[in-house]
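# Fold and geometry: a report
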Amino acid sequence: MTPIQKPWGTVTPLLEDPTLVIHHLDVRSGYSSLHAHSWQWNRFYVRSGRIRVSISARTGWAYSELGPGSTIDIPPRTLHRFVVLQPGVVWEVYWPERNASANPSDIVRVDENGNCPCGVNRLDGPLLPVYSSSSRERESTPDATGCGPSNASPCSCATASI
């Protein structure tokens with residue numbers, strides 16, 4: 001199947017059938033669109049590199065940092081996005097709710113994919129559970145650029161001193 005170029009990297013479809021969709025993501029830098037899937041679950045499995053997945057929660061935004069061997073499952077109708085923290089490979093898997101079919105076109109975008117012009121990526125909120133023996137939970141704190149929980153953008157350059 002033909003690779004698809006995105007601002008954050010490349011998507012290569014590996015399998016697309018009614019019960020399962022698997023994509024190989026070559027993530028380099030930037031972030032995905034903020035989006036939801038109407039009837040599909042979405043799993044990210046990090047093979048190499050690091051991403052941060054931001055998910056809309058009842059109390060605001062939450063995120064999980066995923067490294068090699070980590071996964072996260074996102075239920076249908078849940079707004080989410082990922083930010084590339086370290087280049088690598090991620091497998092993205094979709095499977096449908098009961099009585100539906102897996103379909104790559106099941107996506108409702110709120111905004112577009114992008115790439116942070118100064119390379120500073122960050123998202124807000126507490127970490128969600130990540131399924132990996134190597135991951136650790138930690139509280140959200142402002143990073144070295146001064147970007148902290150009050151910023152809504154997935155990246156910020158305003159105070160970066162790179």
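This section reports on the structure supplied with the text. Nothing here was measured: the structure is a model prediction, and the numbers come from that model.

## Regarding the packing of aromatic side chains
Applying the stated rule across the entire model yields four aromatic pairs. Measuring from ring centre to ring centre gives 5.7 Å for phenylalanine 44 and phenylalanine 82, while their planes differ by 70°; the resulting arrangement is edge-to-face. Highlighted residues: phenylalanine 44 in strand 5 (residues 40-46) and phenylalanine 82 in strand 9 (residues 80-86), separated in sequence by 38 residues. Ring pairing ties together the aromatic residues Trp8, Phe44 and Phe82, which thus form one cluster. Cation over ring: arginine 47 sits above tryptophan 91, and NZ or CZ is 4.4 Å from the ring centre. Looking at arginine 52, its charged tip hangs above the ring of tyrosine 63, at a distance of 4.7 Å from the centre.

## What about unusual backbone geometry?
The phi dihedral of arginine 77 is positive, around 65°, even though this residue is not glycine. Phi is positive for asparagine 99, which is not a glycine, with a value near 65°. Considering the arrangement of structural elements, one finds asparagine 99 in the loop between strand 10 (88-96) and strand 11 (108-109).

## Overview of the sheet that holds strand 8 (residues 71-74)
One open sheet holds the six strands; their spatial order is 1-2-3-10-5-8, and the pairing between them is antiparallel. Edge positions in the open sheet fall to strand 1 (4-6) and strand 8, since each of these has one partner strand only. Here the average twist between neighbouring strands, direction ignored, is 20°. Two elements, strand 1 and strand 2 (residues 9-17), share three bridges in a ladder whose sense is antiparallel.

## Thoughts on the layout of surface pockets
A water-sized probe rolled over the atoms picks out the places where empty space is left. The calculated volume of the largest pocket comes to roughly 340 Å³. Of all the elements in the fold, those that place two or more residues in the lining of the largest pocket are strand 1, strand 2, strand 3 (20-27) and strand 10. Here the element with the most residues in the lining of the largest pocket is strand 2; it accounts for three residues. For the lining of the largest pocket, the residue count by class is nine nonpolar, eight polar and five charged.

Each value, and the rule that gives it
- Residues numbered from 1 in each chain as written.
- Predicted model: local features only at pLDDT ≥ 70, side-chain atom pairs only at ≥ 80, totals over all residues.
- Heavy atoms only, no water.
- Phe/Tyr/Trp six-rings, centres within 6.5 Å; stacked < 30°, edge-to-face > 60°.
- Helix = DSSP H or I, 4+ residues; strand = E, 2+ residues; numbered from the N terminus.
- Lys NZ or Arg CZ within 6 Å of the ring centre and 35° of its normal.
- Pairing = 2+ DSSP bridges.
- Axes fitted to C-alpha atoms, helices over the stretch in contact; angles between N-to-C directions.
- 1 Å grid on protein atoms, 1.4 Å probe; cavity = no way out; pocket = protein on both sides within 12 Å on 5 of 7 lines; lining within 4 Å.
- Points joined across faces, edges and corners; volume = space filled by probe spheres on them.
- Nonpolar A, V, L, I, M, F, W, Y, C, P; charged D, E, K, R; others polar.

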